[in-house]
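Chain by chain, the residues:
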Amino acid sequence: MSPADDRRDASGRQRGAARSQGRTQRSAAAPSQRRRGSDPARTAAYDVLRSVDGSDAYANLVLPPLLRERRITGRDAAFATELAYGTLRLRGRYDAVIAQAANREVGTIDAPALDVLRLGAHQLLGMRVPAHAAVSETVGLAREQLGTGPSQFVNAVLRTVGRSSPHEWEQRIRDSAGDDELAQLAVVQSHPLWVVRALREALVGNGRDAGEIGALLAADNAAPRVTIVARPGLAGTDEVVEDAGDGVGTVGALAPTAVILSGGDPAALDSVRDGRAGVQDEGSQLVTLALTDAPLDGPDERWLDLCAGPGGKAALLAAVAGERGARIVANEVQPHRTRLVEQALRAVPADAVEDVRTGDGRTVGTDEPGAYDRVMVDAPCTGLGALRRRPEARWRRTPADLASLSALQRDLLVSALQAVRPGGVVAYVTCSPHLVETQLVVKDAVRAVGRLGVEVDHLDTPAVVRAIAPGGAVDLDDTRTDVQLWPHVHGTDAMHLTLLRRTR
Ligand SMILES: C[S@@+](CC[C@H](N)C(=O)[O-])C[C@H]1O[C@@H](n2cnc3c(N)ncnc32)[C@H](O)[C@@H]1O
């Protein structure tokens with residue numbers, strides 16, 4: 001268990017460069033508000049955990065408006081974010097610690113008290129907040145939210161947690177998981193066991209070493225870097241780097257459109273505000289550019305994004321289409337997400353966008369057979385490749401999701417292969433490396449369209465991807481025709497990409 005950062009002040013806030021340079025930014029709340037009751041940042045993190053547990057909310061949708069509404073900014077906002085997201089990611093690990101420290105199953109602890117304990121455990125074991133501050137502030141939160149009785153329980157359990165080091169707790173919870181190495185990894189690296197097994201199979205199925213599983217799980221537990229896409233023809237990477245300020249932005253190593261930020265608020269950048277750039281994982285950029293660069297036979301004028309919401313890939317596709325004199329149709333099944341696509345496309349020249357529409361992508365292939373030159377299928381999936389970004393997702397998904405999602409994925413890919421004309425190309429993309437959602441879906445869909453008289457070639461996807469990356473140095477399995485990216489190898493989400501060219 002490696003602490004996220006050990007430079008914390010007595011209240012637990014990170015002591016960063018800004019502070020040493022005298023550029024500290026305090027909460028916008030008045031001092032009287034800041035000190036009244038428990039700490040606003042911890043209360044915000046607690047409220048996020050309660051919404052996630054109690055109302056099935058998504059942390060990344062709940063936290064930002066809550067911080068804005070309570071006027072929590074600067075270091076306090078960063079602390080609340082790390083506390084909420086880190087606690088959600090490492091919930092499995094902390095529950096094992098809490099069960100031992102409380103000497104009872106976590107299922108017997110009231111859910112609100114358990115959330116407070118998880119927050120306390122993350123401060124003590126994951127954030128290296130000084131023990132006295134972590135315990136007293138968290139007990140104060142428990143007293144305010146739950147009353148005196150529960151706060152005494154929280155106090156006793158957190159004192160026990162704080163008496164041992166992160167390393168000692170790791171040893172204990174590993175021992176409690178028995179002899180199975182994957183079960184030990186599941187508890188120490190805080191992933192459901194079925195996810196650990198599926199990710200290990202995905203590594204092996206993509207020609208990687210099963211022994212990488214520990215590094216992959218650890219990478220899922222680290223906060224992802226903020227990555228910006230500079231949309232071609234609208235903004236250059238140099239412009240975004242300059243916009244980000246001194247030493248904050250560096251150009252990505254994988255996608256020529258990517259800028260990695262070391263800090264700051266991406267929404268504050270001019271280019272992001274006006275839609276010439278956007279926040280987008282570098283792997284997502286790479287797979288999108290791969291579709292635009294995949295070799296095709298014949299005209300290259302009309303592109304389709306079949307599952308476009310909220311529009312990150314559509315905006316990149318449209319920017320490239322604009323440069324090449326092509327135009328895109330963006331389709332999305334959920335009306336509110338179609339509106340997000342429109343918003344994402346606001347800076348793209350109007351003649352690069354033919355239509356943004358709401359519809360079921362599964363019928364496009366029969367409604368408009370052979371109508372497109374390039375088609376993106378960024379299919380709805382379990383998101384097991386983006387666990388860094390969606391802190392609670394790993395606890396929500398179940399193996400049962402795979403059956404319904406893979407049937408939908410297959411139908412969407414079949415539709416795309418009918419919608420593309422012979423000679424055109426289709427990109428099948430997921431932010432999951434699960435073999436059922438990737439290799440098996442492609443195999444099933446290719447077989448299914450074969451029965452409809454549609455034939456396809458597998459393009460050399462690694463070669464297309466390598467040609468895009470500056471310097472070409474991407475660690476890929478060249479014995480395969482598809483590409484699987486990994487957080488622990490590429491620093492991206494675990495995006496899957498298969499490029500197919502229709503031949504008949
Ligand atoms: C992985 S997301 C796409 C992300 C998007 N390409 C981006 O980069 O912003 C999958 C999308 O597919 C949509 N979807 C689900 N079922 C669909 C269907 N039958 N037809 C079209 N879109 C569908 C979901 O609503 C979701 O917005």
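Here's what I pulled together on the structure shown here. From a predicted model like this one, the values you see are computed outputs, not experimental measurements. Within any chain, residue numbers begin from 1 and follow the written order of that chain's sequence. With pLDDT at 70 or above as the cut-off, local features in this predicted model cover only qualifying residues; side-chain atom pairs require 80 or more to be listed or tallied, and sums for whole chains, interfaces and linings still use all residues. Side-chain measures were taken over the full set of non-hydrogen atoms in the model, leaving aside hydrogen atoms and water.

Of all residues adjacent to the ligand, which total 22 residues, the nearest are Glu332, Arg337, Asp360, Gly361 and Asp378. The term polar contact refers here to a pair of N or O atoms within 3.5 Å; inside protein, the definition further demands a hydrogen-donor-capable atom paired with an acceptor-capable atom, and it admits residues adjacent in sequence only when both atoms are side-chain atoms. A distance of 3.2 Å separates a nitrogen atom of the ligand from a polar atom in the backbone of Cys307. Residue Arg337 places a side-chain N or O atom 2.6 Å away from an oxygen atom belonging to the ligand. Using the Shrake-Rupley algorithm and a 1.4 Å probe, accessible areas are obtained, with residue cover drawn only from the displayed protein chains. The fraction of the free accessible surface of the ligand (600 Å²) that becomes covered by protein chains is 87%. If you list the elements that add at least two residues to the shell around the ligand, you get α17 (312–324), β6 (327–332) and α21 (399–419). Gly is put with the polar residues, along with every residue not named as nonpolar or charged; the nonpolar set is Ala, Val, Leu, Ile, Met, Phe, Trp, Tyr, Cys and Pro, and the charged set is Asp, Glu, Lys and Arg. A class-by-class count of the residues in the shell around the ligand yields nine nonpolar, seven polar and six charged. For this description, a residue counts as near a given molecule or strand if any of its non-hydrogen atoms is within 4 Å of it. Strands here are runs of E lasting at least two residues and helices are runs of H or I lasting at least four, both read from the DSSP assignment and numbered beginning at the N terminus.

This brings us to the pairing of strand β5 (residues 302–305). Partly exposed describes any residue whose relative accessible area lies between the buried limit of under 20% and the exposed limit of over 50%, with all areas from a 1.4 Å probe on protein chains only and scaled to the type maximum. The two faces of β5 match: Arg302 and Leu304 on one face and Trp303 and Asp305 on the other face are all buried. Once the chain exits β5 it traverses α17 before rejoining the sheet at β6, and the crossover so formed is right-handed. As judged from the three bridges shared by β5 and strand β8 (residues 372–378), these two strands associate in the parallel manner. The partner of Leu304 across the bridge, within β8, is Val375. We call a crossover right-handed when, viewed with the strands running away from us, the connection from the first strand over the helix to the second turns clockwise. Only strands that DSSP links by at least two bridges are regarded as paired with each other.

Stacked, tilted and edge-to-face pairs are distinguished by plane angle, under 30 degrees for stacked and over 60 for edge-to-face with tilted covering the rest, among Phe, Tyr and Trp rings (Trp via its six-membered ring) whose centres lie within 6.5 Å. Throughout the structure, instances matching the rule amount to zero aromatic pairs. Ring-over charges, as used throughout, are those where CZ of Arg or NZ of Lys falls within 6 Å of the ring centre and within 35 degrees of the ring normal. Above the plane of the ring of Trp169 lies Arg172, whose end atom (NZ or CZ) is 4.5 Å from the centre. Here the guanidinium or amino end of Arg396 rests over the ring plane of Tyr58, the centre of that ring lying 5.5 Å away.

Proximity of charged atoms lets side chains of opposite charge pair with each other. Throughout this description, the term salt bridge denotes a Lys or Arg side-chain nitrogen within 4 Å of a carboxyl oxygen of Asp or Glu. Per the stated rule, a full pass over the model turns up 36 salt bridges. When the shortest N-O distance is used, the salt bridge between Arg50 and Asp53 registers 3.9 Å. Here Asp53 and Arg50 lie together in helix α3 (residues 40–55), a separation of three residues that amounts to about one turn. One salt bridge connects Arg118 with Asp95, and the closest N-O pair in it is separated by 2.8 Å.

Right, let's get into the sheet that holds strand β4 (residues 277–279). Pairing is antiparallel across the open sheet formed by four strands, whose spatial order is β2-β3-β1-β4. In this open sheet, the two strands that pair with only one neighbour each are β2 (249–251) and β4. For this sheet, the mean inter-axis angle between neighbouring strands, taken without regard to orientation, is 30°. Contact definition: two residues touch when any of their heavy atoms are within 4.5 Å. In this description, a line fitted to the C-alpha atoms serves as the axis of each element, helices being fitted only across the stretch in contact, and the angle between N-to-C directions of two axes falls anywhere from 0 to 180 degrees. Each of β1 (226–230) and β3 (258–261) touches helix α16 (residues 282–293); the most contacted strand, β1, lies at about 30° to it.

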